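# Summary of the model geometry
Take a look at the letters that make up each chain.
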Amino acid sequence: MATEAEAEAEAEAGEYYPLFETRRARGRFIYIIFSLSLFVGICFIWVYRVSHIPREGEDGKWAWIGLLCVDLWFGLYWLLRHPFRWNPVFRQPFRHILSQRYEKKLPRVDMFVCTADPGIEPPVMVINTVLSLMAYDYPKEKLSVYLSDDAASDITFYALLEASIFAKHWLPFCKKFKVEPTSPAAYFKAIASSSHTNQHAQQFQAIKKLYQDMESRIENACKVGQVPHEVHSKHKGFSQWDSYSSRHDHDTIIQILLDGRDSSAEDVEGNVMPILVYLAREKRPQVAHNFKAGAMNALIRVSSTISNGEIILNVDCDMYSNNSQSLRDALCFFMDEVKGHEIAFVQTPQCFENVTKNDLYGGAMPVCYELEFHGMDGLGGSMYIGTGCFHRRDILCGRKFNYQCRNAWNEYKNIDHMKEENLHKLEEKSKTLASCTYEENTSWGEEMGLLYGCAVEDLITGLSIKFRGWKSVYYNPERRAFLGVAPTTLPETLVQHKRWSEGGFQIQLSKYGSAWYGWGSISPGLQMAYCYYNLWVLQALPTLYYCIIPSLYLLKGIPLFPQMSSPWLIPYAYVMLGDSSYCLLEFLWSGGTIQGWWNDTRMWLYKRTSSYLFAFVDVILKRFGFSESGFVVSAKVAEENVSQRYEKEVMEFGDSSPMLTLLATLAFLNLFCLVGALLNQVFIREGGLRIYETMTLQVLLSGVLVLINLPVYQGLYLRKDKGRLPKSVAVKSTVLALSACVLFVAIS
Ligand SMILES: O=c1ccn([C@@H]2O[C@H](COP(=O)(O)OP(=O)(O)O[C@H]3O[C@H](CO)[C@@H](O)[C@H](O)[C@H]3O)[C@@H](O)[C@H]2O)c(=O)[nH]1
Ligand SMILES: [Mn+2]
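Along each chain, residue indices are assigned from 1 in the same order as the chain's sequence is written. Key to labels: chains lettered from A, ligands numbered from 1, both in the order written. Local features in this predicted model are restricted to residues of pLDDT 70 or higher, and side-chain atom pairs are both shown and tallied only at a pLDDT of 80 or more, whereas totals for entire chains, interfaces and linings draw on every residue.

As a further point, take the overall build of the protein. Helix and strand definitions here come from DSSP, where helices need a minimum of 4 consecutive H or I residues and strands a minimum of 2 consecutive E residues; each element is numbered from the N-terminal end. When you go through the protein residue by residue, the secondary structure sums to 27 helices and 13 strands. This radius of gyration counts C-alpha atoms alone. The globule rule is 2.2 Å times how many residues there are, raised to the power 0.38. Computed over the C-alpha atoms, the radius of gyration of the protein is 28 Å, within 12% of the 27 Å expected from 2.2 N^0.38 for a compact globule of 748 residues. The principal-axis extents of the C-alpha atoms in the protein amount to approximately 90 × 65 × 60 Å. A fraction of 85% describes how many contacts in the protein between residues 6 or more apart in sequence connect residues 24 or more apart. Here, residue contact means that the backbone-derived C-beta atoms of the two residues sit within 7 Å.

This part takes up the site of ligand 1. The immediate surroundings of ligand 1 are formed by 24 residues, with Cys114, Ala116, Phe291, Asp316 and Gly386 found nearest. For the shell around ligand 1, the secondary-structure elements that each account for two or more residues are β3 (109–115), α11 (291–306) and α17 (490–509). Broken down by element, the shell around ligand 1 gets its largest block of residues, 4 residues, from α17. Segmentation into domains, and thus their bounds, comes from an automatic or database assignment. The residue makeup of the shell around ligand 1 includes at least three contributed by each of domain 1 (106–349 + 384–401 + 421–486) and domain 2 (532–747). Any residue whose backbone-placed C-beta atom lies within 6 Å of a molecule or strand is treated as near that molecule or strand.

The next thing to look at is the sheet that holds strand β13 (residues 482–484). Strand order in the open sheet formed by 3 strands is β8-β13-β10, and the pairing between neighbours is mixed. Edge positions in the sheet fall to β8 (320–321) and β10 (351–352), since each of these pairs with one other strand and no more. When DSSP finds two or more bridges between a pair of strands, those strands are recorded as paired. Bridge count for β8 against β13 is 2 bridges, and the pairing is antiparallel. Its bridge partner being in β13, Ser321 is matched across the sheet by Phe482.

Before going further, it helps to examine the nonpolar core. One finds Val113, Val130, Val145, Leu160, Val277 and Leu279 to be the most contacted residues of the largest nonpolar core, which totals 140 residues. Among the elements that take part in this core, helix α7 (residues 154–177) stands out by supplying 11 residues, more than any other. Three or more residues apiece are contributed to this core by two domains, here domain 1 (106–349 + 384–401 + 421–486) and domain 2 (532–747). Sequence-distant contacts of Leu279, defined by excluding residues within four places in its chain, comprise Tyr146, Leu147, Ser148, Ile254, Ala298, Leu299, Val302 and Ala434. Counting 45 residues, the second-largest nonpolar core is a separate cluster that includes Leu560, Phe561, Leu663 and Val729. Put simply, a nonpolar core is buried Ala, Val, Leu, Ile, Met, Phe, Trp, Tyr and Cys residues tied into one set by C-beta atoms within 7 Å. In this scheme every C-beta is placed from the backbone, and a residue whose C-beta has 20 or more other C-beta atoms within 10 Å is buried, one with 12 or fewer is exposed, and one in between is partly exposed.

What follows deals with the sheet that holds strand β4 (residues 143–149). Spatial ordering of the open sheet is given by β5-β6-β4-β3-β7-β11-β9-β12, a layout of 8 strands whose pairing is mixed. Two strands in the sheet have a free side with no partner beyond their single neighbour: β5 (253–258) and β12 (471–474). Taken pair by pair, the neighbouring strands of this sheet meet at an average axis angle of 20 degrees, ignoring direction. Its contacts with the sheet put helix α6 (residues 123–134) on β3, β4 and β7 (311–316), and the angle it makes with β4 is roughly 165 degrees. Working convention: axes come from line fits to C-alpha atoms, limited for helices to the stretch in contact. Angles between N-to-C directions cover 0 to 180 degrees.

On to the UniProt feature "active site" (unreviewed entry) in the protein. UniProt positions are given in the numbering used here, feature names are shortened, and annotations may be inferred rather than shown by experiment. When the UniProt feature table is mapped onto this chain, "active site" (unreviewed entry) is found at Asp150 and Asp458. Apart from the residues within four sequence positions on either side, Asp150 is in contact with Thr115, Ala116 and Ala295. Within the secondary structure, Asp458 is located in helix α16 (residues 457–467). Taking the C-beta count within 10 Å as the criterion, Asp458 has 23 such neighbours and is therefore assigned buried. In this structure, Asp458 is in contact with Tyr384, Ile385 and Gly386, ignoring residues within four places of it in sequence.

So, about the UniProt feature "binding site: Mn(2+)" (unreviewed entry) in the protein. The feature "binding site: Mn(2+)" (unreviewed entry), as annotated in UniProt, sits at Lys292 and Asp316 in this numbering. Separation in sequence by 25 residues is not matched in space for these annotated residues, since their most distant C-alpha atoms are only 9.7 Å apart. Assignment of secondary structure puts Lys292 in helix α11. Residue Lys292 is classed as buried on the basis of its 22 C-beta neighbours within 10 Å. Look past the residues within four positions of Lys292 in its chain and what remains in contact with it is Cys114, Glu457 and Phe631. For Asp316, a count of 24 C-beta atoms within 10 Å corresponds to the buried category. Here Asp316 is in contact with Cys114, Gly386, Thr387 and Gly484, once residues within four sequence places are set aside.

Attention now goes to the confidence of the model for the protein. For every residue, the predictor states its confidence as a pLDDT score lying anywhere from 0 to 100. In the predicted model, the protein carries a mean pLDDT of 92, and the fraction of residues at 70 or more is 94%. In this model, residues 407–418 is a region of pLDDT below 50 whose contacts with residues beyond four sequence positions or in other chains number 7 contacts. Overall fold confidence for the complex sits at a pTM of 0.94, while the interface term, ipTM, reaches 0.99.

Further remarks concern the environment of Ser183. On the secondary structure map, Ser183 appears in the loop between α7 and α8 (184–190). Taking the C-alpha atoms as reference points, Ser183 and Asn322, separated by 139 residues in sequence, lie 7.4 Å from one another. Those residues within four positions of Ser183 in sequence are excluded, and the remaining contacts are Asn128, Thr129, Leu131, Ser132, Tyr320 and Ser321.

A few words now on the packing of helix α3 (residues 61–80) against helix α19 (residues 540–556). Interaxial distance between α3 and α19 falls to 10 Å at its minimum, and their mutual angle equals 145 degrees. Where α3 crosses over α19, the two elements pack in a sense that is left-handed. Contacts between α3 and α19 involve Ala63, Gly66, Val70, Trp73 and Phe74 on the former and, on the latter, Pro542, Tyr545, Tyr546, Ile549 and Tyr553. Here the residues of the contact of α3 with α19 are counted per class, giving 9 nonpolar, 1 polar and no charged. Rotating anticlockwise by less than a right angle from the far helix to the near helix defines a left-handed crossing, while the corresponding clockwise rotation defines a right-handed one. Gly is placed with the polar residues, together with every amino acid not listed as nonpolar (Ala, Val, Leu, Ile, Met, Phe, Trp, Tyr, Cys and Pro) or charged (Asp, Glu, Lys and Arg).

Our next topic: the environment of Asp579. Tracing the sequence through the fold places Asp579 in helix α20 (residues 569–589). With 544 residues separating them in the primary sequence, Asp579 and Ser35 have C-alpha atoms 8.9 Å apart.

Buried accessible area, meaning the area lost when the parts come together, often serves as the stated size of an interface. Entries for the protein in the domain assignment read domain 1 (106–349 + 384–401 + 421–486) and domain 2 (532–747). Between domain 1 and domain 2, the contact holds 11 residues from the first and 6 residues from the second. Partitioned by chemical class, the residues of the side of domain 1 that touches domain 2 number 7 nonpolar, no polar and 4 charged.

Here α19 crosses helix α21 (residues 594–623) at 140 degrees, and the two axes come no closer than 8 Å. One element, α19, and the other, α21, form an angle in the oblique class. α19 and α21 meet at a crossing whose hand is left-handed. Only Arg608, Thr609, Tyr612, Leu613 and Phe616 of α21 make contact with α19, whose side of the interface consists of Ala540, Thr543, Leu544 and Cys547. Counted by class, the contact of α19 with α21 contains 6 nonpolar, 2 polar and 1 charged residues. Roughly parallel refers to an angle under 35 degrees, roughly antiparallel to one over 145, roughly perpendicular to one between 65 and 115, and oblique to any angle outside these ranges.

So, in C-alpha cells, the structure goes:
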C-alpha cells in the first residue's frame, strides 16, 4: 500500500495514479459574455424604472415604485445564480486502483437508514432499502446497517427481522449473479422474467418466491396492524414493546439482529453478513426529539459502540442503493493520498425512481443536480442534502480541519476487543446512548453531530462542516447511486418545499448565514451559491407582486411597462427572451424535456407564491415564539387512483388547503383581468388595437399566467375525478378574485 510520502514520491517521479480525477467544464467564456450582455439589459431596465416614475397626480405612481423595488431585487438575486456556472467540475473515481492499493485496508462503513412513520413509509419499502445497502460489493464484515425507527413500530421491527432472514439468501444471490440494483423489489420489477442461464432462472424463481412470501407476510401484518402471533412469541426482541405506550412516549428499543461476531449471522453459503441493528431512540412527550437530526445523532452514538465505522453513509428510508459500486467509488475520494485528507463528505444526487417523463411537479430538479451542484463542487464542495451522502465519522462529530490529520487512514480503529462482550451487554450499553436525556448539557446538536433547530438539518450541518475548514465532493455517477420516491401530489410537493425554504431562511438568519462568519473558510462564490438557495423565501412577495399588480392595472388600463414603439422595450424583450431561452437550454441539456420545462416553470411559480410565502410567515412567527418547529414527513405511497393520475401526469390537488386557495385565487385573478381588459377594449373603448400597443407586456404577462394555470381551471371546473380541486376552493377563490378586481376598479 502506498503511504502518503510514497504517493508523493511516485507523483514526483511521474508514475503516481490518483484515486480520482477532476475535470472542468468547457465553454465558460461564452456563458460569461452572454450573462454580461443580460446584465446590461437588466441595468437598462433599472434605468427605465428610475427615469420613468409617474409624476405626482399621474396614475400608477406607487405601483411603479413597487415594480422598481421588485425589479431591483430580481436583478440582484439573478446575480447570485452565477457562481454556480463559473467553474463546474466533474469527478471520476478509479475504483480498480482503490482495490489494488487498499483492498485489505478498506475502512468499516456504518450505514444509517431513517424512517418515521410506517403508515406513509411502508416497512416493505424500508427493508428493501436496508437489503440494497447490505448487498454492497464490499467486505461484508466491514459493513453495518442501522435502521432508526422514529415511530418505534413493532411492525417495522418485524419487517426488519424478516429481512435479516431473507438476507441470508439474498446476499449470496446478489454476489453470484452480480445483481443490480440490489433492492429486491426494484430488481424483480426490472427483470420481470429471467432470460439468463438455466441455473440463474431456477435460482431467480426460487428467490423471487421467497421475497414475495416475505412481502405478503409483512403487508399482511401492516394491514391487520399486528405482528403474527407465533413470531411475536418466538423472538425476544418484541418484549421491548411491553412498556411501550405511544410513539411519542417509550424507552429506547434496540436489537442487534445480525452480528458477525455471532455464528448464527452467516448467510446460507457460510459467509459473514453485515451487522444489522434496529433502533428506536427513547422518546418522551416533554423532551424535544429534534426529528431526523436527533435520530441521526442517536445512531452516531449507538453505532460507535457497536461497529464504529470510520465512514458513515446516510440515506432516507426510500433511497435504495441502485449501484453496488458507489460505496467503493466514494472511498476513492476519501482515501486519495493527495487530496483525500481534506474531504469531509461525498454527496451523490437525490434521484427518483418514480418521476414521470415530463415531471409534472418538478421533483427531479435536473439543473440543480446536473449543473448547479457541480458548480458548487468547483467552488469548494457541494451541500449535504440529507440522503445519499458518505461522511467521515470524526468530522461529522465535530472535528476541525488541520493539516496534521493526513495520515489518519493508517490508524484504523480496532473493534476486536468487543468480541467477547456479549450482545446483550452491548445493547444495554447502547440504550443509555439513545436515551432522551443523554444530550443534556452536551454539545450534541450544536457542535457535534447534526445540528438542531433548523428545518433542513442536512444543509446547515454540511455548511457548519465547511466552516470548520473541510471540503466536500459531489459525485454524480452515470449509473445512479440511489433512487428514491418523489412526492406525487401538488399539496405534498408544496409542503416539502415549504420545509426546505423555511430551513434555508433559518440558516440565513443564523450565524451560518452571515458573510463574515464564514469569511476565509468558504469562498465568496460558495457563499453566494448558498445564499441563492437560502433566500428562496424572499422571492415570494416580489413574485406575488408581479402576479397581481400588473394584471390589475391592465384591467384598469394603466400601463406599467414600455409601449411597443418605445426603444425601452428592447432591454425587456432581450432579458426575458434571453433568460428564458437560456434556462430552457440548460434544462434540456440536463436531461429534461420541453414540456418538463413548462411544468417546472409552473412549479417555480407555485412554490414561490405559496410554499415560500407560508414558509416566510412561519419563520417570522417562530422567531417571535408563536409557532413550533415540525417536520411533515412526505408520503412515499399513494392510493391506487392517485398514482394512476400521477402516471398520466394529471395534476393532483386533492384537498382544500390555504395554499391551494391562494394559487387558485391568483389563477382567477389573472383570468378575470385578462378577459376584463379585452372585453373593455372591444366593447367599451372601441379603441381598436390600443391595448396591444400600450400594454403589450402586461397582456403578455397575464396571458402567460393564464396559460400556465390551465390545470387549475381544469381542476376547478372541468374535472370529475377525486384529484380535482374541491368545490369549496372553487367558490372561495372565485369570490376572492372577483372581489379583488371589482374593488380595485371601484376604488379609483
Ligand atoms: O422525525 C423524523 C422525521 C423524518 N425522519 C426521516 O427523514 C427522512 C426524510 O424525510 P422525508 O419526509 O422523505 O423528507 P424529504 O423532504 O424527502 O427529505 C429531504 O429533506 C430533509 C430535510 O428537510 C432531509 O432530512 C432529507 O434527508 C432529504 O432527503 C425520512 O427517511 C424520514 O423517515 C425521521 O427519521 N424522523
Ligand atoms: Mn423523501
